[in-house]
2 protein chains.
Amino acid sequence: MKAHADQVGGKVLKGDLQDLTKKGIPVSTNDLAEEISASAASVTDMIKKLNEKKYVDYQRYQGTLLTLEGGRLATKLVRRHRLWECFLVEKLGYGWEEVHELAEQLEHVQSEDLVDRLEEFLDFPRFDPHGDLIPDRTGRFTLRTQQPLSSMSIDDRAEVVGVAIHDSQFLKFLGDMNIEIGIQFKILEKFDYDGSMRIVIDGSQPTLISPVIAKNIHVKKI
Amino acid sequence: MKAHADQVGGKVLKGDLQDLTKKGIPVSTNDLAEEISASAASVTDMIKKLNEKKYVDYQRYQGTLLTLEGGRLATKLVRRHRLWECFLVEKLGYGWEEVHELAEQLEHVQSEDLVDRLEEFLDFPRFDPHGDLIPDRTGRFTLRTQQPLSSMSIDDRAEVVGVAIHDSQFLKFLGDMNIEIGIQFKILEKFDYDGSMRIVIDGSQPTLISPVIAKNIHVKKI
DNA sequence: TTAAATTTTTAGACAAGACTAAAAATAAAT
DNA sequence: ATTTATTTTTAGTCTTGTCTAAAAATTTAA
Ligand SMILES: [Mn+2]
Ligand SMILES: [Mn+2]
Ligand SMILES: [Mn+2]
Ligand SMILES: [Mn+2]
């Protein structure tokens, strides 16, 4: 159910949830179980019910795929989740590392209208605090050019547009290094040995970025 | 679980949830069942569990009372509910007749901190859109002098401070008559026959108020 | 191409929360 | 003080969502 804007670099174009997931590749029962911390047996049971209701395409032993209807529902959930995250950060002053769990609860409040009003109240934000895209009322959103920081070269200049991981430890760590959405920087060095990079954030001192970190920061070349 | 500020006219003083409910009078199993639209059997089952957890005092056939701990929990829920109602009206532009059901969902989001921040964001409102008191972080609140409009006499001037019924039909009806929290008016006539009243809202035309309506509007004499 | 390892499903059980129908306790009426 | 009516509880069942252990299917390796 979780969308991964990260996997879709390239041109700006319209997309739906399918574009945000690994297109057409079924997810395994075990992976789902792992993701939601439940047993594989429970996942099988539930998936069968969702299949009955036509929210997923499921054939035993072959994994699971969202149907169009399931995708629509999932997109709505993603929309709600991300708008609530915006609210928590923009209006209640939470940090980007604190909002996911709260949004997980708020997203289950049933009311289309509430979310639409929330969106208006927030002035129609296009991205959530982690840089993820917010689908509009109709489920559409605009894709964005982006690439992992690890793919940049020396002397490139770039802007941080998102993160691949929402883990609060990771986000807090980035925060401590003053790395946040919107900051611009230049690549000073890239070490062939392990791919570590030295970058300099405009108006600040140079920082060393480990390859694992670099892979999980999404940037836009400028 | 629902607090009734209406039952406590009189002097301004500190209170807790006990003050807001019919003090010490146990609620019957059937009344609870009616209130939540469940069977009496279900209520008995659940009450037994709450009794186990010490949230209520229950003895079979004798009805149910909140314990101190249960009261504290209930107060928190009431606080959350009312703050969310404020949010929906103040920030998202909902009408007072639309917010109860949404707040019923939002109140179940688990996070003390979230509610405290919401309260601050709303500038520490003391009353919700229906004029009900909002407990503070510690569960305390200040009682307010009030009486039903039906108890006023000719030539009295008063201000609307709340409503006894939260039914959306009733609230919409009041709205249509331009009766809302904060408006001030004068009693022109009171008909002995059935208790109907004619009132005039400052800067408007006189209106006729039926006794049922008058009983459910809380006012403060001025 | 068969055997071993892994993944996924089934079978069976359990807890929570609901319900209906019948029994028991309490309250009201004669 | 009995009888009758009402309220409340118990008994038994159902549904939903979860789990573990064992069986079945698929994938990987020999
Ligand atoms: Mn999130
Ligand atoms: Mn996010
Ligand atoms: Mn309410
Ligand atoms: Mn209210």
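Bear in mind the structure is a predicted one, so any value in this text is a computation, not a measurement.

Participant: Let's hear about the relation of the copies chain B and chain A: which residues, and what values?
Facilitator: Superposition of the two copies of the chain requires a rotation about an axis and a shift along the axis. The two copies are related by a screw motion: chain B maps onto chain A through a turn of 180 degrees and a shift of 0.0 Å along the axis, at an RMSD of 0.1 Å. One copy is carried onto the other by what is essentially a two-fold rotation axis. No C-alpha of chain B approaches the rotation axis more nearly than that of B:Leu106, which lies at 3.6 Å. Mapped onto chain A, 100% of the interface residues of chain B again fall at the interface, so both copies present the same surface.

Participant: Which residues make up the protein's contact with DNA strand D, and what values go with them?
Facilitator: Inspection of the region around DNA strand D gives 18 residues, with A:Ser42, B:Thr29, B:Thr44, B:Lys48 and B:Tyr58 positioned closest. Among the atoms of DNA strand D lying within 4 Å of the protein, the sugar-phosphate backbone contributes 73%. Between DNA strand D and B:Arg60, the relevant distance is 3.4 Å, taken from a phosphate oxygen to a side-chain nitrogen or oxygen of the residue. B:Tyr61 places a polar main-chain atom, nitrogen or oxygen, 3.1 Å from a phosphate oxygen of DNA strand D. With five residues, helix H3 (residues 40-52) of chain A is the single largest residue contributor to the surface near DNA strand D. When the residues that make up the surface near DNA strand D are grouped by side-chain class, the tally is eight nonpolar, six polar and four charged.

Participant: Give me the environment of B:Val99: which residues, what numbers.
Facilitator: All names here are of chain B. Looking at where Val99 falls in the secondary structure, it is placed in helix H5 (residues 99-106). Along the backbone, Val99 and Ser168 are 69 residues apart, and their C-alpha atoms lie at a distance of 9.1 Å. With near-sequence residues (within four places) excluded, Val99 lies in contact with Glu85, Leu88, Val89, Tyr94 and His130.

Participant: Describe the protein's contact with DNA strand C, with residues and values.
Facilitator: Around DNA strand C, the structure places 18 residues, and the nearest of them are A:Asn30, A:Thr44, A:Lys48, A:Tyr58 and B:Ser42. When the atoms of DNA strand C within 4 Å of the protein are sorted by group, sugar and phosphate make up 78%. In this structure, a phosphate oxygen belonging to DNA strand C sits 2.9 Å away from a side-chain N or O atom of A:Thr29. A distance of 2.5 Å is found between a phosphate oxygen of DNA strand C and a side-chain nitrogen or oxygen belonging to A:Tyr58. Elements with a contribution of two residues or more to the surface near DNA strand C: helix H2 (29-36) and H3 of chain A together with helix H3 (40-52) of chain B. If you tally residues by element for the surface near DNA strand C, the top one is H3(B), at five residues. Looking at the surface near DNA strand C residue by residue, the class counts come to eight nonpolar, six polar and four charged.

Participant: Tell me about the pairing of strand E8 (residues 197-201) of chain B, and please be specific about residues and values.
Facilitator: Residue and element names in this part refer to chain B. Counted residue by residue, E8 has four buried out of five residues, so it is predominantly covered. Pairing between strand E7 (residues 184-190) and E8: five bridges, direction antiparallel. Of the residues in E8, the one forming a bridge with Lys190 is Met197. In sequence, E7 turns back onto E8 through a hairpin of six residues, with Gly195 there showing a positive phi of about 85 degrees. Judged from the four bridges that link them, E8 and strand E9 (residues 206-209) form a sheet pairing that is antiparallel. Bridging from a neighbouring strand, Arg198 pairs with Leu208 of E9.

Participant: Describe the coordination of the manganese ion (ligand 2), and please don't skip the residues or the numbers.
Facilitator: The expected angle between donors at a tetrahedral four-coordinate metal is 109.5 degrees. At an octahedral six-coordinate metal it is 90 or 180 degrees. All names here are of chain A. Protein coordination of the manganese ion (ligand 2) is provided by Glu85 (OE), Asp128 (OD) and His130 (ND1), with donor distances spanning 2.1 to 2.2 Å. The metal-metal distance between the manganese ion (ligand 2) and the manganese ion (ligand 1) is 3.5 Å, with Glu85 serving as a donor to both. Of this pair, Glu85 sits in helix H4 (residues 68-90) while His130 is found in the loop between helix H6 (112-121) and strand E4 (141-142), placing the two residues 45 residues apart along the sequence. Judged by its relative accessible area of 1%, Glu85 is buried.

Participant: Mind laying out the packing of aromatic side chains, listing which residues take part and the relevant values?
Facilitator: Under the defined criterion, the tally for this structure stands at seven aromatic pairs over all chains. Seen from their ring centres, A:Phe87 and B:Phe87 are 5.1 Å apart, and the 55 degrees between their planes marks the pair as tilted. Residue A:Phe87 is found in helix H4, and its partner B:Phe87 is found in helix H4 (residues 68-90); the two belong to separate chains. An identical accessibility class is assigned to A:Phe87 and B:Phe87; each is buried. Considering the side-chain rings of A:Phe87 and B:Phe121, the 6.2 Å spacing of their centres and the 80 degrees angle between planes classify their relative orientation as edge-to-face. Taken together, the residues span two chains, with A:Phe87 in helix H4 and B:Phe121 in helix H6 (residues 112-121). Note on B:Phe121: relative accessible area 21%, which makes it partly exposed.

Participant: Could you give me a rundown of the nonpolar core, with the residues and numbers involved?
Facilitator: By size, the foremost hydrophobic cluster in this structure holds 34 residues, and its most contacted members are A:Trp84, A:Phe87, A:Leu88, B:Trp84, B:Phe87 and B:Leu88. Those elements that place two or more of their residues in this core are H4, helix H5 (99-106) and H6 of chain A together with H4, H5 and H6 of chain B. The contact partners of B:Leu88, leaving out residues within four places of it in the chain, are A:Leu114, B:Gly93, B:Tyr94, B:Val99, B:Leu102, B:Ala103 and B:Leu106.

Conventions used here
Residues numbered from 1 in each chain as written. Chains lettered and ligands numbered in written order. Predicted model: local features only at pLDDT ≥ 70, side-chain atom pairs only at ≥ 80, totals over all residues. Heavy atoms only, no water. Least-squares fit on C-alpha atoms with pLDDT ≥ 70 in both. Contact = heavy atoms within 4.5 Å. Near = heavy atom within 4 Å. Polar contact = N/O pair within 3.5 Å; in protein donor to acceptor, adjacent residues only side chain to side chain. Helix = DSSP H or I, 4+ residues; strand = E, 2+ residues; numbered from the N terminus. Nonpolar A, V, L, I, M, F, W, Y, C, P; charged D, E, K, R; others polar. Buried < 20%, exposed > 50% of the residue type's maximum accessible area, 1.4 Å probe, protein only. Pairing = 2+ DSSP bridges. Donors = N, O, S within 2.8 Å, 3.2 Å for Na, K, Ca; no water. Phe/Tyr/Trp six-rings, centres within 6.5 Å; stacked < 30°, edge-to-face > 60°. Core = buried A, V, L, I, M, F, W, Y, C linked by side-chain atoms within 4.5 Å.

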